[in-house]
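Structure at a glance
Listed below are the residues making up each chain.
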Amino acid sequence: MYELLKGLGDWLVGAEQWTGSDGIGHRLAEHLQYSLLATLVAAAIALPVGLLIGHTGRGAFVAINLSSFGRALPTVGLVVLVFLASGLSMWPVYIALVALAVPSIVTNTYAGMTAVDPEVRDAARGQGMRWYQVLLQVELPLALPLIMTGLRLALIQVVATATIAAYVSFGGLGRYVFDGLAQRDLVQVLGGAVLVALVAVVLDLALSALQRVLFRHRPAPRTQA
């Protein structure tokens, strides 16, 4: 174990490990690209759905169950299925990562909307606000803390799972894991796993801190009994 940890330390700090197209810096940039793009696409899909069902109260059962079904899909299996249908491209990876991120965003957006005090909605309508004004100017700002929590959870899940890009011969930090397994290089496997974990932890801490700063003076939404 000591030799493995010593080898890991040498691997992480070695200058040659940080340069070139196979260096940690390049692989990290690829990993973040996959993760951020997939999360943005998932947010573009899931946020409108969560806001709509939270505002109208219609379709919640179908949307939440479809989201749960997406969470239950085996990620690697989905990658292989899309890979067989579309050929060698990044499409299988992005589709799998988006499917993974959508459930957290939908459920947290819906939860944030339903946690808005009904009296606040009624007061807004009583002032003559149209439905879209109630949604965008009243409900959305109040639901935003829970919505951001959903985005944070989705991003961390995607970062941890984006290693599957290497499964279909693309880059990212998963390259170290898959190449290390193929070469029986435990130091490289452990290094890739540690790097993915560190990225996930750093992003989670950063987003959590940002969320606390943005909403430190705002009371939490009242949950329904």
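Residues numbered from 1 in each chain as written. Predicted model: local features only at pLDDT ≥ 70, side-chain atom pairs only at ≥ 80, totals over all residues. Heavy atoms only, no water.

**Some thoughts on the overall build of the chain**
What counts, and what does not: Strands are runs of DSSP state E lasting at least 2 residues, helices are runs of H or I lasting at least 4, and numbering of each runs from the N terminus. For the exposure calls, accessible area comes from a 1.4 Å probe over protein chains only, and a residue counts as buried if that area is under 20% of its type's maximum, exposed if over 50%, partly exposed in between. Contact definition: two residues touch when any of their heavy atoms are within 4.5 Å.
Along its length, the chain carries nine helices and zero strands. Secondary structure elements of the chain, listed N to C terminal, follow the sequence α-α-α-α-α-α-α-α-α. When each of the 225 residues of the chain is scored for burial, the buried share is 42%. Within the chain, contacts between residues separated by at least 24 positions form 75% of all contacts whose residues are at least 6 apart in sequence.

**A look at helix α9 (residues 186-214)**
For clarity, the threshold we go by: A helix is expected to span 1.5 Å multiplied by its residue count minus one.
Spanning 29 residues, α9 covers 42 Å between terminal C-alpha atoms, matching the ideal 42 Å at 1.5 Å per step. Every buried residue of α9 is listed here: V187, Q188, V189, G191, G192, L195, V196, V199, A200, S208 and Q211. Turning to α9, the residues buried within the fold contact α1 (2-13), α2 (24-56), α7 (131-161) and α8 (174-183).

**What to know about the packing of aromatic side chains**
Here is the rule: The rule is short: rings of Phe, Tyr and Trp, with Trp giving its six-membered ring, pair when the centres are within 6.5 Å, and they are stacked under 30 degrees, edge-to-face over 60, tilted in between.
The full count for this structure, using the stated rule, is three aromatic pairs. Between the aromatic rings of W11 and Y176, the centroid separation amounts to 5.1 Å while the plane-to-plane angle is 90°, which identifies the pairing as edge-to-face. With a gap of 165 residues between them, W11 in helix α1 and Y176 in helix α8 connect regions that are remote in the sequence. Comparing W11 with Y176 shows no difference in burial state: the two are buried. Ring centres of Y34 and Y94 lie 6.2 Å apart, and the angle between their planes is 85°; on these two criteria the pair is classed as edge-to-face. Of this pair, Y34 sits in helix α2 while Y94 sits in helix α5 (residues 91-114); the two residues are 60 residues apart in sequence, bridging distant segments of the chain.

**Overview of helix α6 (residues 118-126)**
Since the α-helix packs 3.6 residues into each turn, any two residues three or four apart lie on the same face. The cut-off we apply is this: In the analysis that follows, any N or O atom pair within 3.5 Å is treated as a polar contact, provided that within protein one partner can donate a hydrogen and the other can accept it, and provided that, for residues neighboring in sequence, both atoms belong to side chains.
Its side-chain oxygen 3.0 Å from the backbone nitrogen of E119, D117 forms the N-cap of α6. Just past α6, the residue G128 takes up positive phi, approximately 90°.

**A word on the pattern of salt bridges**
Stated precisely, the cut-off is as follows: We count a salt bridge whenever a side-chain nitrogen from Lys or Arg sits within 4 Å of a carboxyl oxygen from Asp or Glu.
Inspection of every chain in the model, using the stated rule, returns seven salt bridges. Salt-bridge contacts for R121 lead to E139; the nearest nitrogen and oxygen are separated by 2.3 Å. Of this pair, R121 sits in helix α6 while E139 is found in helix α7, placing the two residues 18 residues apart along the sequence. According to the relative accessible area criterion, E139 is buried, its value standing at 0%.

**So, the confidence of the model for the chain**
Inclusion rule: pLDDT: the predictor's confidence for each residue, scored from 0 to 100.
Counting all residues, the mean pLDDT for the chain is 83, and 87% of those residues have values of 70 or more. Mean pLDDT values for the elements of the chain range from 67 in helix α4 (residues 75-86) up to 92 in α2.

**Concerning the packing of α6 against α7**
Threshold: Whenever a helix is involved, its axis is fitted only over the stretch in contact; in every case the axis is a line through C-alpha atoms, and angles between N-to-C directions fall within 0 to 180 degrees. An angle below 35 degrees is treated as roughly parallel, one above 145 as roughly antiparallel, one from 65 to 115 as roughly perpendicular, and anything else as oblique. If you view the pair so one helix is near and one far, a crossing is left-handed when the near helix is turned anticlockwise from the far one by less than a right angle, and right-handed when it is turned clockwise.
It is the contact of α6 with α7, at a shortest axis distance of 10 Å, that shows an interaxial angle of 160°. With respect to α7, the axis of α6 lies roughly antiparallel. α6 and α7 meet at a crossing whose hand is right-handed. Facing α6, whose interface residues are V120, R121, A124 and R125, α7 presents V134, V138, E139 and L142.

**Comments concerning a nonpolar patch on the surface**
Formally: Only residues whose relative accessible area exceeds 30% and that form no salt bridge enter a patch; like-charged residues are grouped when within 9 Å of one another, and nonpolar side chains (Val, Leu, Ile, Met, Phe, Trp, Tyr) when within 5 Å. All accessible-area figures derive from a Shrake-Rupley calculation using a 1.4 Å probe, and residue coverage is judged against the displayed protein chains alone.
A surface patch of nonpolar side chains, about 230 Å² in accessible area, is lined by L37, V41 and I45. Position of L37 relative to the elements: it lies in helix α2. Look at L37 and you get partly exposed, because its relative accessible area is 39%.

**What about the side chain of T163?**
Inspection of the secondary structure assignment puts T163 in the loop between α7 and α8. On the basis of relative accessible area, T163 is assigned to the buried category, the value being 17%. Contact partners of T163, with chain neighbours within four places excluded, come to H31, G174, F178 and V196.

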